[in-house]
Amino acid sequence: REESSVNADPRESVAGFLAEFKLRAGELSTRISALCEQRAETTEATLDSIASDVQSLERQVADATYFLPAYDARASNGTVAALRERMAGLRSKQAPRKKFAFSKDRKKAAAAPDASSEVPKPELAPPAPKIGSPRAPASTGPGIRHRKGEKIVVDACDLPGGEYVLEDLEDVEIWLCGPVRALFIHRVKDCKIYTGPVLGSALIETAEKCTMAIASQQIRVHSAHDICLYLRVRSNPIVEHCTGVLVAPYAVAYPGLPEQLAVADLASETNLWDKVNDFGWLRAVASPNWGVLPEAGRLEFQVPAADGSRPKAPSVAAQAREKEEEDAESEDEI
């Protein structure tokens with residue numbers, strides 16, 4: 001029996017995974033719907049718990065990528081993306097409500113119904129994409145956005161350890177010198193992006209003429225053109241709707257990186273950087289959308305010296321203070 005179990009048809013593993021995935025995704029969808037319809041008390045702990053379960057589901061998909069058929073992997077990733085977008089919308093929708101929940105003035109509480117009836121209207125979450133859509137939203141968490149023509153270094157002490165976002169960037173060089181749990185890169189052009197370990201998934205969506213060096217458990221690339229990726233991953237890289245993608249092994253150096261990679265279980269080369277799955281190319285012949293960067297053209301990347309003049313991104317604490325000030329201003333206006 002043990003021998004037959006080892007030699008079991010791989011399709012049985014696929015069927016088992018899909019059944020469990022459908023169950024977990026359905027439960028998460030129901031929990032999110034309950035919060036959207038206010039059938040459950042909404043607290044930060046509740047939102048964090050669901051977000052953690054969504055991330056766990058995403059890791060489960062990443063671990064199964066190597067044996068899942070392309071269609072099932074794409075559909076599973078799309079389901080996770082839809083759940084993540086619904087969570088982002090729910091957080092933005094619930095944020096204003098907290099201000100009324102902790103009101104100590106009964107007079108304010110009495111006036112709250114009129115205000116609360118108006119507040120949610122502009123805060124409604126955008127409709128979730130159809131299940132199976134590979135597109136994922138940018139997180140509303142810490143990150144670097146709307147920059148052009150800059151060089152930025154983010155030290156480990158300034159990284160949140162959770163999700164991090166790089167969005168709407170042009171001609172920007174960025175160093176993330178520490179671990180993050182998930183990395184979202186959206187709408188970048190002519191950029192150079194070098195990262196430390198990503199403990200979960202890295203998602204690149206809409207990139208053009210960029211060079212990126214990323215070490216992560218899983219990486220997915222969507223709608224990218226003429227980019228070069230230096231990778232260290234623990235599952236096959238995934239590309240879709242891409243052209244001109246070149247891959248090479250991870251080649252980044254900065255103080256403390258070896259220890260960070262060891263903690264993330266990425267200390268040694270996994271030799272999966274060139275095992276790319278192109279979900280947009282289902283023919284038997286090799287995909288023309290990606291290739292291996294010749295050794296003669298490969299580079300090594302060293303973080304700029306910390307000489308006091310090195311540009312730095314705002315710390316997570318500074319970003320949090322800015323958000324609190326914005327929330328306070330909004331509350332005063334209300």
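Refer to the structure presented above.
Just so we're clear, the structure is a prediction, and the values are computed from it rather than from any experiment.

**Digging into the overall build of the chain**
Tallying secondary structure elements over the chain gives eight helices and 13 strands in all. By the burial criterion, 43% of the 334 residues in the chain qualify as buried. A total accessible area of about 17600 Å² is found for the chain, and carbon and sulfur atoms account for 52% of it.

**Focus on the state of the cysteines**
All told, the structure shown has zero disulfides when counted by the stated rule. This cysteine, C191, is not joined by any disulfide, and C210 carries the nearest cysteine sulfur, 4.8 Å off. Under the relative-accessibility criterion, C210 is labelled buried at 2%.

**Digging into the pairing of strand β7 (residues 211–233)**
Among the 23 residues in β7, 19 count as buried, and that is most of the element. Of the pairings in the sheet, the one linking strand β6 (residues 192–208) to β7 comprises twelve bridges and is parallel in character. Each residue of the ladder has a partner; that of V198, found in β7, is S216. Sheet analysis places β7 next to strand β8 (residues 238–240), joined by three bridges and oriented parallel. What sits directly across from V221, in β8, is V239.

**What about the packing of aromatic side chains?**
By the definition in use, this model includes four aromatic pairs. Ring geometry for Y194 against F301: centres 4.6 Å apart, planes inclined by 25 degrees, an arrangement best described as stacked. On the criterion of sequence distance, the pair formed by Y194 in strand β6 and F301 in strand β13 (residues 301–302) is long-range, its members being 107 residues apart. Residue Y194 shares its accessibility class with F301, and that shared class is buried.

**Looking at the nonpolar core**
The biggest cluster of nonpolar side chains holds 36 residues, and the ones touching the most others in it are L166, L183, M212 and I214. For this core, the secondary structure elements donating two or more residues are β2 (151–155), β3 (163–170), β4 (173–177), β5 (182–189), β6, β7 and β9 (243–249). Ranked by residue count, the leading element in this core is β7, at nine residues. Every residue in contact with L166, bar those within four places of it in the chain, is listed here: I144, I174, L176, L183, F184, I185, H186, V188 and I193.

**Re the pairing of β6**
Summarising burial for β6: 13 of the 17 residues are buried, a large majority. Here six bridges tie β5 to β6, and the two strands are oriented parallel to one another. Bridge assignment links I185 to a residue of β6, and that residue is I204.

**Digging into the environment of Q55**
Of note, Q55 is situated in helix α3 (residues 44–64). Separated by 146 residues in the primary sequence, Q55 and S201 place their C-alpha atoms 9.0 Å from one another. Setting aside chain neighbours within four positions, we find Q55 in contact with E163 and R181.

**Considering the pattern of salt bridges**
A complete count under the given rule lists ten salt bridges for this structure. Across the pair R220 and E58 runs a salt bridge, and its minimum N-O distance is 3.4 Å. With a gap of 162 residues between them, R220 in strand β7 and E58 in helix α3 connect regions that are remote in the sequence. For R220, a relative accessible area of 6% gives the class buried. One salt bridge in this structure joins E150 and R147, with 2.9 Å as the shortest N-O distance.

Calculation criteria
- Residues numbered from 1 in each chain as written.
- Predicted model: local features only at pLDDT ≥ 70, side-chain atom pairs only at ≥ 80, totals over all residues.
- Heavy atoms only, no water.
- Helix = DSSP H or I, 4+ residues; strand = E, 2+ residues; numbered from the N terminus.
- Buried < 20%, exposed > 50% of the residue type's maximum accessible area, 1.4 Å probe, protein only.
- Areas by Shrake-Rupley, 256 points an atom, 1.4 Å probe, with all protein chains shown as cover.
- Disulfide = S-S within 2.5 Å.
- Pairing = 2+ DSSP bridges.
- Phe/Tyr/Trp six-rings, centres within 6.5 Å; stacked < 30°, edge-to-face > 60°.
- Core = buried A, V, L, I, M, F, W, Y, C linked by side-chain atoms within 4.5 Å.
- Contact = heavy atoms within 4.5 Å.
- Salt bridge = Lys/Arg side-chain N within 4 Å of Asp/Glu carboxyl O.

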